[in-house]
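Here is what each chain is made of, one letter per residue.
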Amino acid sequence: MLAGPLAIIAEVTHRCPLRCVYCSNPLELKSRESELSTADWLRVFEEAAALKALHVHLTGGEPLARLDLEQLLAGAHQAGLYTNLITSGIPLTGERLARLVAAGLDHIQLSFQADESELAQEIAGRDALGAKLKLVKEIHAQNIAFTANLVVHRRNLDRLDSMLSFIEALQPQRIEIAHVQYYGWAFANRAGLLPTRAQLELAQQRVAEAVQRTHGRIRIDYVVPDYYARFPKACMGGWGQRMMLITPDGKALPCHAAEILPGLEFANVRDHALSWIWQESEGFRKYRGEDWMQEPCRTCEHRSQDFGGCRCQAFVVAGNASAADPVCHLSPERALVDTLLRQVGNNNPELVPLWTYRINPS
Amino acid sequence: MPQPAPESQPRLSLGCRITMRQDVATLLYPEGAIRLQGTALRIVQLCDGVCSFQGIVTQLAHEYSADADRIQTEASAFLERLQAKRIIDF
């Protein structure tokens, strides 16, 4: 018997006041008019809890843009889910935060682009650092569990020492240092975001030191950049194994980027029950397990640990969604990734990239 | 991080809670969950921020009719692991 999803990623809107160049949303954003209603989401949360899901991650876009966020949180909480709000914090007043907590907010994850305004503004397309710092004070005043998230890449990694001091001083229970993953807008901006090998090696050392320094005080989770790895990441814990992502207009996906894969249909929660989508729909069955694998994955001893890596990366880099993730050193297409990394090494680090800023949906 | 002192009062950290569904206890925390049963569940239930670590050990030794020194060693190691993940504070 197939176990249900452990967590639901609820992309409640694609609207966002920031325009981050590394946004994981797809280039084709869902319009406000197409968004699921309050009642739709509440039904989704109840069905998810019935499937024994434990967590719901409310994200976007910026989930605060939904004026019914309090109702959505209350519904998820009453269904028995652990509620995590993944937010830019723009715009969030102390009053609204208190309402979200009263509705059942368990934890807030607040993202930071850099430790100083100018660079943060270059990355986010808007000056937001001051507002985020104000919000941190409110989070502490209201005694809310808090993760500070820092997305790192070529453009800010040279400031990692001061960014780590900055983010530790915010006194979160948890810090997430995440290298950019190259999907959506981040893929469009990949040339400006890919770190150099020297940056990466220093980052690994500095993060390891920070883990030691903050032991028992802050839990640090580190998301590695897989282009430099020897083995691919176990993307989403395996396709259709642990996670279900629901887009603002109700499509249920096995991961953030799955809609880019050609020839795959994904069911909508408006038309189907979550249990059917999870167990029976083509979109979730397509790459579940090992039957779809080609060589070298099919006979690889690592296939039960990394599941062949990421299907979307195999498609965008190697042009074949059933191929081994091309970041794997065993992939016949690994040369494509190595060529990219060599180009990064040759780029002038002083040059400001020509960013493609994320837009807002209509 | 040191082990819990005898007089410390272990408690669940912010954003961590136990949920019971169909007689299964799960400890929920940011970005994770642990299924708890037996002694582990009982230890976490006793971490109420009031009872001292010494009190928890005495209680467990009583409930399980077990040697207090052994309980102390095992409970201490368990709480230390949870503390490193910021699931238990003491």
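For clarity, every value in this text was computed on a predicted model and none was experimentally measured.

(A) Summary view of the packing of aromatic side chains. All names here are of chain A. One pass over the structure, following the stated rule, counts six aromatic pairs over all chains. Aromatic pair F112 and F166: ring centres 5.6 Å apart, planes at 75°, arrangement edge-to-face. Of this pair, F112 sits in strand β4 (residues 107-112) while F166 sits in helix α6 (residues 160-169); the two residues are 54 residues apart in sequence, bridging distant segments of the chain. The same class applies to F112 and to F166, which are both buried. Taking 5.0 Å as the distance between ring centres and 70° as the angle between the ring planes, the aromatic pair formed by Y182 and Y227 counts as edge-to-face. Placement of the pair is Y182 in the loop between β6 (174-179) and α7 (184-188) and Y227 in the loop between β7 (219-223) and β8 (243-246), with a sequence separation of 45 residues. Here the aromatic cluster, defined as three or more aromatic residues joined through ring pairs, consists of W239, Y287 and W292. A cation over an aromatic ring shows up here: K132 above the ring of F112, its NZ or CZ 5.7 Å from the ring centre.

(B) A look at the pairing of β6 of chain A. Residues and elements named next belong to chain A. Burial within β6 is extensive, with six of its six residues counted as buried. With six bridges joining them, strand β5 (residues 146-152) and β6 adopt parallel strand pairing. For T147, the partnering residue across the bridge sits in β6 and is R174. Between β5 and its parallel partner β6, the chain crosses via α6, and the hand of that crossover is right-handed.

(C) Region of interest: helix α14 (residues 334-346) of chain A. Residue and element names in this part refer to chain A. The end-to-end C-alpha distance of α14, which contains 13 residues, comes to 19 Å, matching closely the 18 Å that a straight helix rising 1.5 Å per residue would cover. Among the residues of α14, R334, V337, L340, L341 and V344 are the ones counted as buried. The arc that holds every buried residue of α14, seen down its axis, measures 125°, which confines them to one face. Exposed side chains of α14 directed beyond 90 degrees from the buried face belong to R342 and N346.

(D) Spotlight on the environment of V24 of chain B. All names here are of chain B. Within the secondary structure layout, V24 lies in strand β3 (residues 24-29). Taking relative accessible area as the criterion, V24 reaches 27% and is therefore assigned partly exposed. Sequence spacing of V24 and L46 is 22 residues, and the spatial spacing of their C-alpha atoms is 17 Å. Excluding residues within four positions of it along the chain, V24 makes contact with T19 and R35.

(E) Spotlight on the nonpolar core. If you look at the biggest cluster of nonpolar residues, it comprises 89 residues, and the most contacted ones within it are F45, F112 and I246 of chain A. Beyond its immediate chain neighbours, meaning those up to four positions away, I246 of chain A contacts I8, I9, A10, E11, L36, W41, V44, K251, A252, V269 and L274 of chain A.

(F) Local environment of the packing of helix α1 (residues 38-46) of chain B against helix α3 (residues 68-84) of chain B. Residues and elements named next belong to chain B. Between α1 and α3, the shortest axis-to-axis distance is 11 Å and the interhelical angle comes to 70°. Overall, the two elements α1 and α3 adopt an arrangement that is roughly perpendicular. The handedness of the crossing between α1 and α3 is right-handed. Between α1 and α3, the residues in contact are A40, I43 and V44 and A75, F78, L79 and L82, respectively.

(G) Spatial organisation of the interface of chain A and chain B. In this complex, chain A contributes 24 residues to the contact, which on the side of chain B involves 17 residues. Buried surface at the junction of chain A and chain B, summed over both partners, amounts to about 1,800 Å²; 53% is from carbon and sulfur atoms. When residues of chain A are sorted by the area they lose upon contact with chain B, Y82, G216 and R219 of chain A head the list and together hold 31% of the total. Linking chain A with chain B are one salt bridge, by the criterion used here.

(H) Region of interest: the side chain of S8 of chain B. Residues and elements named next belong to chain B. In this structure, S8 sits in the segment before β1 (11-12). Judged by its relative accessible area of 13%, S8 falls in the buried class. Here A5 takes part through its backbone oxygen, which lies 2.7 Å from a polar atom of the side chain of S8. For S8, the contacting residues outside a window of four places in its chain are C51, S52, F53 and F90.

What counts and what doesn't
Residues numbered from 1 in each chain as written. Chains lettered and ligands numbered in written order. Predicted model: local features only at pLDDT ≥ 70, side-chain atom pairs only at ≥ 80, totals over all residues. Heavy atoms only, no water. Phe/Tyr/Trp six-rings, centres within 6.5 Å; stacked < 30°, edge-to-face > 60°. Helix = DSSP H or I, 4+ residues; strand = E, 2+ residues; numbered from the N terminus. Buried < 20%, exposed > 50% of the residue type's maximum accessible area, 1.4 Å probe, protein only. Lys NZ or Arg CZ within 6 Å of the ring centre and 35° of its normal. Pairing = 2+ DSSP bridges. Right-handed = clockwise from strand over helix to strand, strands pointing away. Expected span 1.5 Å × (residues − 1). Arc of directions from axis to C-beta. Contact = heavy atoms within 4.5 Å. Core = buried A, V, L, I, M, F, W, Y, C linked by side-chain atoms within 4.5 Å. Axes fitted to C-alpha atoms, helices over the stretch in contact; angles between N-to-C directions. Parallel < 35°, antiparallel > 145°, perpendicular 65-115°, else oblique. Left-handed = near helix turned anticlockwise from the far one by under 90°. Buried area = accessible area lost by both parts, 1.4 Å probe. Salt bridge = Lys/Arg side-chain N within 4 Å of Asp/Glu carboxyl O. Polar contact = N/O pair within 3.5 Å; in protein donor to acceptor, adjacent residues only side chain to side chain.

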